[in-house]
Structure formats: C-alpha cells, structure tokens
Protein chains: 2
Amino acid sequence: MSKKVLIVGGVAGGASAAARLRRLDEHADIILFEKGPYISFANCGLPYYIGGAINDRERLLVQTPKGMADRFRIDVRTRSEVISIDPQRRTVQVQSGERGLYEESYDELILSPGARPVVPDVPGADHPLIHTVRNIPDIDRIKEQVSPGGGKSAIVIGGGFIGVEMAENLKEAGLDVTLVEGNAQLLAPFDPELAAILAQEMEQRGVRLLFSQRVQGFRSVGAGIGVELPGNRVLTADLVILAIGVKPDTAFLAASGLELGPRGHIVVNEALETSAPHVYAVGDAIEVADYVHGTRTAVPLAGPANKQGRIAADRIAGLNSTYRGTMGTAVIKVFDLTGASVGSSEKTLKRLGVPYRSVIVHPSSHASYYPGSSAITLKLLFAPEGKVLGAQAVGYAGVEKRIDDIAVAIHFGGQVQDLTELELSYAPPFSSAKDPVNMAGYAADNILSGRVRSFSYDQLADRRPERSVLLDVRSELEHAGGHIPGSISIPVDELRDRLGELDPALEVWVYCQVGLRGYTASQILRQHGFDARNLSGGYKTYRQAAF
Amino acid sequence: MSKKVLIVGGVAGGASAAARLRRLDEHADIILFEKGPYISFANCGLPYYIGGAINDRERLLVQTPKGMADRFRIDVRTRSEVISIDPQRRTVQVQSGERGLYEESYDELILSPGARPVVPDVPGADHPLIHTVRNIPDIDRIKEQVSPGGGKSAIVIGGGFIGVEMAENLKEAGLDVTLVEGNAQLLAPFDPELAAILAQEMEQRGVRLLFSQRVQGFRSVGAGIGVELPGNRVLTADLVILAIGVKPDTAFLAASGLELGPRGHIVVNEALETSAPHVYAVGDAIEVADYVHGTRTAVPLAGPANKQGRIAADRIAGLNSTYRGTMGTAVIKVFDLTGASVGSSEKTLKRLGVPYRSVIVHPSSHASYYPGSSAITLKLLFAPEGKVLGAQAVGYAGVEKRIDDIAVAIHFGGQVQDLTELELSYAPPFSSAKDPVNMAGYAADNILSGRVRSFSYDQLADRRPERSVLLDVRSELEHAGGHIPGSISIPVDELRDRLGELDPALEVWVYCQVGLRGYTASQILRQHGFDARNLSGGYKTYRQAAF
Ligand SMILES: Cc1cc2nc3c(=O)[nH]c(=O)nc-3n(C[C@H](O)[C@H](O)[C@H](O)COP(=O)(O)OP(=O)(O)OC[C@H]3O[C@@H](n4cnc5c(N)ncnc54)[C@H](O)[C@@H]3O)c2cc1C
Ligand SMILES: Cc1cc2nc3c(=O)[nH]c(=O)nc-3n(C[C@H](O)[C@H](O)[C@H](O)COP(=O)(O)OP(=O)(O)OC[C@H]3O[C@@H](n4cnc5c(N)ncnc54)[C@H](O)[C@@H]3O)c2cc1C
Ligand SMILES: CC(C)(COP(=O)(O)OP(=O)(O)OC[C@H]1O[C@@H](n2cnc3c(N)ncnc32)[C@H](O)[C@@H]1OP(=O)(O)O)[C@@H](O)C(=O)NCCC(=O)NCCS
Ligand SMILES: CC(C)(COP(=O)(O)OP(=O)(O)OC[C@H]1O[C@@H](n2cnc3c(N)ncnc32)[C@H](O)[C@@H]1OP(=O)(O)O)[C@@H](O)C(=O)NCCC(=O)NCCS
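The residue count restarts for each chain, going from 1 along the sequence in the order it is written. Each chain is given a letter, starting from A, and each ligand a number, starting from 1, according to the order in which they appear as written. At least 70 in pLDDT is required for a residue's local features to be given in this predicted model, at least 80 for side-chain atom pairs to be given and counted, and no such filter applies to totals for whole chains, interfaces and linings, which use all residues. Side-chain calculation: all heavy atoms of the structure are included, whereas hydrogens and water are not.

Enquirer: In this structure, what is going on with the sheet that holds strand β14 (residues 224–229) of chain A? I would like to understand it.
Expert: Hydrogen bonds along the backbone pair up the strands of a sheet, which may run parallel or antiparallel. Residues and elements named next belong to chain A. Read from one edge of the open sheet, three strands run β13-β14-β15, paired in antiparallel fashion. Edge strands, defined here as strands with exactly one partner in the open sheet, are β13 (217–221) and β15 (233–237). Pairwise comparison of adjacent strand axes, ignoring direction, gives a mean angle of 30° for this sheet. Two strands are counted as paired when DSSP detects at least two bridges linking them. The helix and strand labels rest on DSSP assignments: H or I over at least four residues marks a helix, E over at least two residues marks a strand, and numbering proceeds from the N terminus. Here five bridges tie β13 to β14, and the two strands are oriented antiparallel to one another. Following the sheet pairing, G217 is matched in β14 by E228. Every axis in this analysis is a line fitted to C-alpha atoms, fitted for helices over the stretch in contact. Angles between the N-to-C directions lie between 0 and 180 degrees.

Below you can see the structure in the form of structure tokens.
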C-alpha cells in the first residue's frame, strides 16, 4: 500500500522534501499544507523586490501549486494552517480557508513551519506602519508603501542580515533610511572590525546608522510613525521595518508532546526525527548541532533548510541520509561590498571559552598586476592545535569564494596546514599563485609554530609604553600620512642597518600597512634577539576597526 | 656558521624560496642565479600585456634585484646561467655576462629552472617571425611586432592554455588570428564537450580555429611567414606564436648525476629532495605525484611552483614541510567565458584504465530570479565507490569558485556524499540554496546509488533503435525548436497520463534540456516498470559537444 505523507510548510524545507520524496516514491500520497497563499517562494529574494533588482513579482514564485501538481503530483493545500498534531493518533488538525476545520491522518509527517519575525514587547508594536518581512503578502504591503507617492523615509530596526538587506533596498528604492541596532555592531556573525567595514559602506551610501539603541516603543506622529529610543529621543518616518530576529513558528506544537528546545525549536536527531515516531522536522524551526563544536544551535538559513528537506524525504523513502550539523556559512551583499562568514567568530569562541588563535590578512582578490583587483580582508580563527574554527571576509570581489573554500575545509575537519596546501585555480584574472586562502594559512601557520608573535588591534590598549616601543615599519611617507599615536618610524628595508636605534630591553610592537612587512620586520628583530610582535592586519585593520 | 644557499632560477619557485628562506633564517648567505635579465616577473601576465589589459610593462615586474636585496638581503645575479652542478664537490659553474665563467660552492642548493617552450623538429622552426612566450624579452619582441604598424595577422600554433591566451590577446590587440591545433580539441585538461564551448566562444569572437592539423614546416612568404600544413596547405601571417607545450629546462643537469624522469624532469621525493644530498628541486622542472592517483606526473603551473619553493626553503631551515602532489587545478579566461578544471578528466581516466562514473549539470551561477545569472556547465568525475576524481566547468561567472570547492574536497579525499553535504554560502546574488556543487553531488549520488541510470551524449551512437525509444520530455515547443533525430515527444508533466504510448518491452532513452526533467521522467518511468535512462547534461550538452 502506498504511504501517506503530510508536510507542514510549503517553502524551502517543505517543498524540497515534497519534490524529493516524489522522485523517490512515485506512489506515495503527498499532501503539502501551507498557511499562506503561496508556496515555494523566494524568501531570500524579497528584499530585492523592494529595491527593484528583482522587478517582476512573478520571479519570486519559484514553484506554484499547479506546477507541483503537474510535475510531482503533490496535493498542495494553501491557506491551510495545521493548528495541532497528534502523534499518538497520527493525525493533524487543519484550519482551511476553503474547507474549514478538518483532520488528516498520516503515515509519516514532515514539519517545516520555519520561523517568524520576533516582535518586541513594547508599546505600539502593533502599529499599522510597522512591517515585518517573511513572505509575499508582507512584501506586497511594503512595496505599496514605498512605491512612488508612498513612503519617503523608513526606519529599519535591527542590523542582522534581513535588516541590512532591507535598509540597502529601501535606499535603492529612493527612501531616506535610518537603521537602528541594539548592539554596538551590525551583523552579529562578523567580529566588530569586519562588521565595521560593512557599516562604513552603508553610511557612505547614505544609510544613517544608530548603534546600541534599544527601541522603547512606537507611536503615531502625524501621518507617520515615531520610534521611541532611550533618553526620550524619537525618530519619525513613513514606515518601520522590524527585523530584530526570528523565532521558530512552533506554537501549534504546544500540545503535541514533541520535545522542544529552550527557545521553542523542535529537537531532532541526525536522522531529523523528532521525539515522536514518524514525525520529522527540518528548517528554521529545528535545533541542530553546531558543526564545529557539536553544541546545540539554530541557524535560520535556506541552504540547511533545503538540504534537510531532502534528507527527511530520503529517510521516509528508506534511505540512510543524515544531517551532521550546520556551520552557518553565510554571505551578504552590502551595496558594492560582499561580506561572508563561516563557523565561529572570535566573539563566539570567547563566549564558548574555546581556546583559539586568529589572524587577519588583506590579500588581493586576484593578481594585483591584472586590472580590477581589490583587497579582501580575511580573518581566520583556528585552534592552538591547528584546526580551522571559522573565517570571515569582506571585500569587493572573490570574498564568498574564499569563505566557501574554508567551509569545505571545515567540513573535513581541516587544519591550518591544509589551507597552506590547497591547490586552488590560478590565472591572473581570478586569483594569485598563492591564493588568499593559502595566504591566510601561511600567516596562521607562522603563528601556530611560534615563529611569529602577533597582537590584535584591540590589544594595543594593553601595551605598556614604559616597557615597549611601537614601531611603524612602513615607508616614511606612509607614516607621515597617518599612524598609530606613539609610534616611531623605521622602514623595514632600513631596519637591519638601524637596529642600534632600538633598546634591546624593550618589547617591540611592530606594525605595517597590512601585516606583511611587519611580519618580515618582526622576523628580523626576533633573529637579532628582540622581543618583537606584529600587528595582525596592520594599520589597515586598526583603521577599519576604528569606524 | 651561516649556511650558504644557492638558488638556480629567479622567478616563481626560485624567488619564493629565497624570500621564505630569508624570513626563516636571517643569517643565511643566499645567492639567486637567473640566466635572463629579470627575476620575479609575472609569467602568467605576459599574454595580457600583448592584449593591453596590462598596459604598464613595469607591472609585470613583481620584484626586482634591488627590492630583493633591500628587503631580503638576497644576492641576486641576473644574466648568470648555471651551466653545470657538481653535487660531489657541492659547487655550481656559472656563466655570467659580467663576470665570465666562475664556480660557486654551496651548503644547500635549490633548483627552479622551470620549463622552456617546445620547438618542433620541422624545417624553418628557427624562422625569425616565430615567437615563443616564456619571459619578458620574448614578450617585448612580440609587443613590438603587434604594435600599431606592426603585424596585422598572426598564427598561433597550439591550443593549450598559453596558445589560447595568446590567441585571445592578439585578437584583443586587433590582429587577425588563426589558431592551429594538432589534436581534435583545445585545452587538453577539458573533455571534448566542455572544450567545445570554449572553442565556440573563440570562433564567435573571431579567432579562426583549425583542428587536427600538425605543422609540417615554416618558410618565408614575402615579408611574412608561411605555415605548412598537411596536404600542401600553407597559411600565411605576419607572425607566428609557437605554443605547443613546454619541457623541463634541465639540460645543464646532464652531467650532474641527478636522477631525471623520462622527459627530463628532475625526480624528487615528498621533501623535494633530488637524488643528490643537499640538492632540492621545485617548479615546472620536477616530476610530482598525481594527487588523485599517486602516479608520476608533471604539471607546469605557478601555484605548485610557488608552494614548492616555500617548502624547499622550509626544509633547508629545518622545518618538516612536505609536498604531497599536484591535482592540476587550473583556470582560463577565454574572452567572456571562464573554464576551470581539477583532477582527472574522463579522457585521463580512460587512459589510466581507472573505473569511473560521470555526470554533467548546468546549474545557475546564482539564483535565477536575481538578475545577471548564467548557466555553468559542470562535469563531475567520480569512482564507482564514490570518491571524487575530477571536475571541469565552463560558464560566465562563478566557474572557478565551484572548481576550487571541489579541489578542496579532493584535497581531503572527499566523496560524492560530501559534495551533497557541503554548506556553501548563499544569498541570491551569489549562489542558490543548493549550490551548483551540491547539485552535481546530488546528481552523482543518484547515479552511484543506482536510482538513476544515465547515458552520455557520445553513447547515443550505441543506441539500438529496434530495442529502444528516444524520448524528449521537454515541452512540445522546445521539441519543435530542435531535437535529437529519431526522438519522440512526451512532455514530462504529461508522462504519467501517457505511459500507454510507450512499449514496455523497449528501453527508454530519455532526454530533456539540461538533465533535470529527464531525471524526473526517468524516475517516473522506472517506478512504472520501464527500463529508462537519462541523458547526462541533456540536449544542451548534446548541442555543445556538436560544435
Ligand atoms: C527576507 C528574507 C531574506 C532571507 N535571505 C536569505 C539568504 O540570503 N540566504 C539564506 O540562506 N537564507 C535567507 N533567508 C532565510 C531562509 O529563507 C530560510 O532559512 C528558509 O526559508 C527556511 O525554510 P523553512 O522551510 O524552514 O521555512 P520557510 O521557508 O519560512 O517556510 C515555512 C512555511 O511554513 C508555513 N507554516 C508555518 N506554520 C504552519 C502551519 N502550522 N501550517 C501550515 N503552514 C505553516 C509558513 O507560512 C511558511 O510559508 C531569508 C529569509 C527572509 C525572510
Ligand atoms: C605565458 C605564460 C602564462 C602562464 N600562465 C599561467 C597561469 O595563468 N596560471 C598558472 O598557474 N601558471 C601559468 N604559467 C606557468 C607558470 O608561469 C609556471 O608554472 C611557473 O612560472 C614555474 O615556476 P618555475 O620557478 O618552475 O619556473 P620559471 O618561473 O619559469 O622560472 C625559471 C627561471 O629559471 C631560469 N633558469 C633556467 N635555467 C637556468 C640556469 N641554468 N641558470 C640560471 N637560470 C636559469 C629561467 O630563465 C627562468 O627565468 C604561465 C606560463 C607562461 C609562460
Ligand atoms: C522549487 C523547489 C520545490 C525545488 O525543489 P527540487 O525539485 O528538489 O529542487 P531543484 O529544482 O533544484 O532540483 C534538484 C534535483 O534535480 C536534480 N538535478 C539537477 N540538475 C540535474 C541534471 N542536470 N541532471 C540530473 N539531475 C539533476 C538533483 O539531483 C535534484 O534531485 P534529487 O534531490 O532527487 O537528487 C524548492 O527548492 C523550493 O520550493 N524552492 C523555493 C523556496 C526556497 O528554497 N526558499 C529559500 C531560498 S530563496
Ligand atoms: C614576489 C615574490 C618574490 C614574493 O615572494 P614571497 O615574499 O614569499 O610572497 P608574498 O609577497 O606573497 O608574501 C608571502 C608571505 O607573506 C606572509 N603574509 C602575507 N600577508 C600577511 C599578513 N597580512 N600578515 C602577516 N604575514 C603575511 C605570508 O605568511 C608569507 O610568508 P611565509 O611564506 O613566511 O609564511 C615571489 O612570489 C615571486 O617572484 N613572484 C613572481 C613570479 C611568479 O610567481 N610567477 C608566477 C605567477 S605569475
């Protein structure tokens, strides 16, 4: 007899599971429930429909109920909310616009309900000029407001991926945009010195940024909306986008007996089985293993959701696929810049108490003698034993390529040593003979082996001037153009002849522009008996972080 | 006492070794011998200086003897050819423009003499209008000939990386260009159906291509040069670029007693030690292990040369670095297209007699609903047990990124299963939730598991029409617009209702445009008892290969 499989949620995880399951099992009965009016839409494309990069609304609909029926014989039921599940009786309760309340039984059940935007518990949070961004109806409402004759100014609350993308796209749509962020930096997966580069790009492109401001409430101001900040400050605009994070859309499971995590995520094992037999869960609604540390985490991204949907279908069809965890590989376009990250940030490692080392390099996106190259700021985090723990990069080109390479290395438990060995494709328009990933590996390897001692820009505060000298080894011209206060100048190429100017009793804190000359200088100094260390990422990182 | 280290060859491998060695050892005596007038030049940039993308000749000089002296205290001796080495006495003989013939002793010796262009043994091969492309003097001579008032037409002999780059750049410089290739395809690392895409781009951009033509000789024709082809055919032009391959520049080692390989490459172990104590060798001149198969090979590429140079320096400084082999990761720009490859091609696997499977997919460079995406043709080669053996890709964007991802996977001995799991960064401007690499993994995994049977375009010739039906499952419109001769049309979405039209006694050879609908159709058919198989890469690959 054919299996009856119900799927809750018709977008990334749910639709992927449905399509895969049909390919594996031509005879299953597959019913897909979606509470909204659309399935299979491009959540990730929604912001770009506001900015106009995607100007045909139809393009957001990757698949339709008719398409799913014709190609895959999926019984797609939109405007059909599953309001409860009963794993004992193997049934779900459905509230349908068309058919009212009814029950449906299952042999197997896949839950992919996703996550919903968090709404803060402050006065006025239900104001009609506040919008969240999850689906097509949301974006239709926003589009209407920003169309010619609509809103002229917007406040985006929250500087995560969705907030930053919305701010960029509202700006592209011609609005006056302010972004308010509760923390001291944008885009939490990045460490502050890299996030600062992206923040600077936003300001340069005209987005006003307010950091460390938690919203106290909302109220009407004329025909617009006022956002109340601490200290009785009120910002006003024609509309507000609320993007302070998401939480699993799992309220309908409250009475199901399914094990949920502390923040409401569905708990699953590597087979994506929940605590109830025959019930699988995938996507933004589940807790997963952190791929690097094995701890529990939740990462609301489309790649994992799609992959998990496919795996749940595999399991139901009797295949042995498993999901081993999420490393949070992510990328964002911020106007002309790209930021990408994978694995743990330095902040996360500190929080987890995991020992680590880090290095920052600024290699060229491709051979600098070939036109059009630009610098990539690449930060690598690694264990004192060499295992790669994470990486972040910001730049104009080739950024996500390098993060993906490192993501593949992390997948295999790769070491810094592996990064030095990777054979990546090289011709002048594409890379350098030593690819930026190799370069990060080299610099990290030098630190690991103890050949070089490095310090980071935020450790400059710890320097004791009476015990040390701060040495700028760039050219005199560069030094004159701007330097770290308190530093003296000896260009690296003159250093061997001018060692006498340095007091061997003092530590030498060396820096150059990006870290490379400083490294060479610190090698010279150490081999002449000095206690030298080099500023990771150089003056460039020092300046970037100062934003 | 400080070590005395001699280095032969002052470019990719040699200069990298020198710089690294100085950073590791401030006190070594390092002498670098280079027979040409320049060191540290951008070999790989030479063609682009002809085309004009690089228009400042100075940019080709990445480092200078003065720079190496100031920064690294390297004693650089240009126009100094090492004409023999004596590993017993630990000396080399140097022929210097300035200093005449002299001997220099060493504690350690690094050989990085590179490879020289092959010149065929045919009449007229020394004709003054024939140029090879290895170094700055070569490119100066060519530049002079193609400058305004210089050559108006060129014939490039050889369709390898350098030949294709030179043809493109001569075309960019405004010349009329013909490329003559001895084999039936360009760019040997690619299989014919992918090389054909690149060849088509060249023809569309106005480069005339002649395949399977071996040059018989050269002779003067008026003020120009005639290239003699089989059948008394003579092509004439103002200049000829000869780029039929390279051979190790190791003639000076003939009397050294060093073990050389069958084609003159220096034999080294994983420590890059030659057969003589204290003599290391790196770069284009050495034989290395094929990273995938462990066989001996020689891969003249800059990434390996630079890495090996660094490793040789490490060994001399007492570090334990090793070189584990080369997988031949390479990339080339062909006008607007990019081609990249890694590991083994299908041709190579056939030649080696290694069992393999393959699949071709044509995914989008990034989400197709976001503007500017284009298709990548990606071919994956893998063992019947799942190990990834190689990959090739051609397209307009994101090509080398995917090949690099696969190169990293190959570095770790990755399986097809790993490719399905890789968590690569995704946002609409950069990729899809299922990255092209995941997609190739999925398609390969379906073949490995036996869920789908596939056939390749060149197996169409084996189809027995009396035993099989060729089924086009694209739309009727697509079928009408062009199809494989002998195929019937049933669109995939109608297939379930029209199964009765197919004879269950016949094999069904299914195809669609790229392979995806054909896969879905073949799943439907197989689960209804048909013996179905799907054309890998679909009609698109069939057409591409037909070029
Ligand atoms: C604006 C935006 C931009 C994004 N950009 C990116 C990006 O660039 N890269 C990236 O990796 N990720 C991005 N994401 C995240 C990505 O879209 C999600 O990770 C992914 O869609 C999660 O898939 P899912 O199946 O778990 O949930 P969803 O795709 O959200 O699908 C869940 C569906 O289930 C429905 N549902 C919920 N409960 C019920 C119920 N009880 N009954 C019936 N139906 C129900 C919901 O209506 C919803 O349509 C973005 C998300 C948004 C909102
Ligand atoms: C036109 C061109 C384009 C290329 N494009 C690419 C590319 O896009 N990507 C890529 O990966 N690779 C490319 N390569 C290949 C790359 O340049 C080589 O792999 C790399 O330079 C090899 O380094 P090497 O040190 O072994 O040899 P080389 O860089 O060639 O250096 C060897 C040097 O040794 C000198 N020498 C030889 N014998 C003696 C002697 N007896 N005494 C003193 N000196 C001696 C030679 O004059 C030469 O300058 C290209 C090469 C060329 C010519
Ligand atoms: C549209 C949607 C239903 C497609 O699901 P899907 O059919 O599984 O996915 P794709 O169209 O990418 O096809 C993937 C399948 O094609 C196969 N395939 C792709 N190219 C192929 C080729 N050339 N030859 C053979 N097979 C191929 C893959 O193997 C895979 O099949 P498998 O899973 O059975 O192994 C689902 O992805 C969706 O709803 N997407 C929109 C929502 C979303 O993802 N949002 C978040 C991102 S914005
Ligand atoms: C120019 C040349 C001499 C440079 O050699 P090099 O100094 O080893 O190479 P780079 O300038 O790339 O610097 C690499 C070093 O800087 C270090 N480094 C780079 N960025 C750093 C940073 N931000 N902080 C600290 N260290 C850094 C690396 O760790 C590496 O040092 P290591 O090898 O001791 O670990 C050599 O590459 C060359 O001759 N190139 C031209 C020829 C050529 O390669 N041709 C083929 C390609 S066209």
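Having put the structure on the table, let's press on.
Enquirer: I tried to follow the interface of chain B and chain A on my own but got confused; where do I start?
Expert: You'll often see interface size given as the accessible area lost when the parts meet. By definition, residues are in contact when any of their heavy atoms lie within 4.5 Å. Contacts between the two partners involve 84 residues from chain B and, on the opposite side, 84 residues from chain A. Two parts placed together each lose some accessible area under a 1.4 Å probe, and adding up what both lose gives the buried area. Of the roughly 7700 Å² buried at the junction of chain B and chain A (both faces included), carbon and sulfur atoms supply 54%. It is R71, Y369 and E423 of chain B that lose the most area in chain B upon contact with chain A, and together they represent 11% of the buried surface on that side. Between D404 of chain A and K401 of chain B there is a salt bridge, and its shortest N-O distance comes to 3.9 Å. The term salt bridge refers to a side-chain nitrogen of Lys or Arg lying within 4 Å of a carboxyl oxygen of Asp or Glu.

Enquirer: Teacher, can you tell me more about the site of ligand 2 here?
Expert: Summary of the distance rule: residues count as near a molecule or strand when at least one heavy atom falls within 4 Å of that molecule or strand. Around ligand 2, the structure places 31 residues, and the nearest of them are G13, E34, V82, S112 and D284 of chain B. This site is not confined to one chain, since residues near ligand 2 come from chains A and B. Throughout this description, a polar contact denotes any pair of N or O atoms lying within 3.5 Å of each other; where both atoms belong to protein, one of them has to be capable of donating a hydrogen while the other can accept it, and for residues adjacent in sequence the pair is counted only when both atoms sit in side chains. Within the backbone of A12 of chain B, one N or O atom sits 3.4 Å away from an oxygen atom of ligand 2. Taking V82 of chain B, its main chain carries an N or O atom lying 2.8 Å from a nitrogen atom of ligand 2. Protein contact buries 94% of the 990 Å² of open area that ligand 2 shows by itself. For the shell around ligand 2, the elements supplying multiple residues, two or more each, are α1 (12–24), β4 (80–86) and α7 (302–316) of chain B. Examining the composition of the shell around ligand 2, we find that three residues originate from one element, β4 of chain B, more than from any other. Partitioned by chemical class, the residues of the shell around ligand 2 number 18 nonpolar, seven polar and six charged. Accessibility throughout is a Shrake-Rupley quantity obtained with a 1.4 Å probe, and a residue counts as covered only by protein chains that appear here. The nonpolar class holds Ala, Val, Leu, Ile, Met, Phe, Trp, Tyr, Cys and Pro. Asp, Glu, Lys and Arg form the charged class, and all remaining residues, Gly among them, are polar.

Enquirer: What exactly am I supposed to notice about the relation of the copies chain B and chain A here?
Expert: What connects the two chain copies is a rotation about an axis and a shift along it. Copy-to-copy superposition: least squares on the C-alpha atoms, limited to residues that have pLDDT of at least 70 in both copies. It takes a turn of 180° to lay chain B on chain A, together with a shift of 0.0 Å along the axis; the resulting RMSD is 0.0 Å. The symmetry that links the two subunits is that of a two-fold axis. Residue by residue, 100% of the interface of chain B is reproduced at the interface of chain A, so both copies engage with the same surface.

Enquirer: Help me out: how do you make sense of the pairing of strand β23 (residues 337–343) of chain A in this one?
Expert: As a general feature of sheets, a regular strand has side chains that alternate between the two faces. Residues and elements named next belong to chain A. Along β23, six of the seven residues are buried, which leaves the element largely enclosed by surrounding structure. In this sheet, β23 lies alongside strand β22 (residues 330–334) in antiparallel orientation, the contact comprising five bridges. Each residue of the ladder has a partner; that of V334, found in β23, is L337. Taking the residues between adjacent antiparallel strands as the criterion, β22 and β23 are bridged by two residues, where F335 takes a positive phi near 50°. Where β23 lies against strand β26 (residues 388–395), six bridges are found, and the strand directions are antiparallel. By the bridge assignment, S341 is partnered in β26 with Q392. Buried, partly exposed and exposed residues are distinguished by accessible area as a fraction of the type maximum, computed with a 1.4 Å probe on protein chains only: under 20%, between the cut-offs, and over 50%, respectively.

Enquirer: Would you take a moment to explain the environment of I244 of chain B for this structure?
Expert: Residue and element names in this part refer to chain B. Mapped onto the elements, I244 comes out in the loop between β16 (239–242) and β17 (246–248). Under the relative-accessibility criterion, I244 is labelled partly exposed at 40%. I244 sits 82 residues away from I162 along the chain, and the two C-alpha atoms are 8.7 Å apart. Not counting residues within four places of it along the chain, the set of residues in contact with I244 comprises V118, P120, I157 and G158.

Enquirer: When you look at the site of ligand 4 in this model, what are you seeing that I'm missing?
Expert: Looking at ligand 4, there are 30 residues lining it, with L516 and Y519 of chain A together with R20, R23 and R310 of chain B nearest. This site is not confined to one chain, since residues near ligand 4 come from chains A and B. A distance of 2.8 Å separates an oxygen atom of ligand 4 from a polar side-chain atom of N446 of chain A. In the complex, 89% of the free accessible area of ligand 4, which totals 970 Å², lies under the protein chains. Counting only elements with at least two residues in the shell around ligand 4, the list comes to β24 (357–361), α11 (436–448) and α14 (516–527) of chain A together with α1 and α7 of chain B. Sorting elements by how many residues they give to the shell around ligand 4 places α1 of chain B first, with six residues.

Enquirer: Would you take a moment to explain the nonpolar core for this structure?
Expert: The nonpolar side chains of soluble globular proteins are, as a tendency, buried together. Residues belong to a common nonpolar core when they are buried Ala, Val, Leu, Ile, Met, Phe, Trp, Tyr or Cys residues joined through side-chain atoms within 4.5 Å. In this structure, L380 and I406 of chain A together with L380 and I406 of chain B are the most contacted members of the largest nonpolar core, which totals 80 residues. When neighbours within four sequence positions are excluded, L380 of chain B is seen to be in contact with R357, S358, V359, V388, G390, A391, I406, V416, L419, A440 and A444 of chain B.

Enquirer: Explain the packing of aromatic side chains to me, please; I cannot follow it from the model alone.
Expert: Two descriptors summarise a pair of aromatic rings, namely the distance from one centre to the other and the angle between the planes of the rings. Pairing of aromatic side chains here covers Phe, Tyr and the six-membered ring of Trp, requires ring centres within 6.5 Å, and sorts the geometry by plane angle: under 30 degrees stacked, over 60 edge-to-face, intermediate tilted. All told, the structure shown has nine aromatic pairs over all chains when counted by the stated rule. Here the aromatic rings of Y370 of chain A and Y48 of chain B are separated by 5.0 Å at their centres, their planes lie at 90°, and the arrangement is edge-to-face. Of this pair, Y370 of chain A sits in the loop between β24 and β25 (376–382) while Y48 of chain B sits in helix α2 (residues 46–51), on two different chains. With respect to class, Y370 of chain A is no different from Y48 of chain B; both count as buried. Both rings, one in Y539 of chain B and one in Y542 of chain B, keep their centres 5.7 Å apart while their planes meet at 25°; by these two values the pair is stacked. Pair noted here: Y539 of chain B and Y542 of chain B are both in helix α15 (residues 538–545), with a separation of three residues, about one helical turn. One aromatic cluster is present, built from ring pairs that chain together Y511, Y539 and Y542 of chain A. Stacked on the ring of Y49 of chain A, the Lys or Arg K143 of chain A has its end atom at 4.3 Å from the ring centre. The cationic tip of R474 of chain B hangs over the ring face of Y539 of chain B; the distance from NZ or CZ to the ring centre is 4.4 Å. Lysine NZ or arginine CZ positioned within 6 Å of the ring centre and within 35 degrees of the ring normal marks a charge as sitting over the ring.

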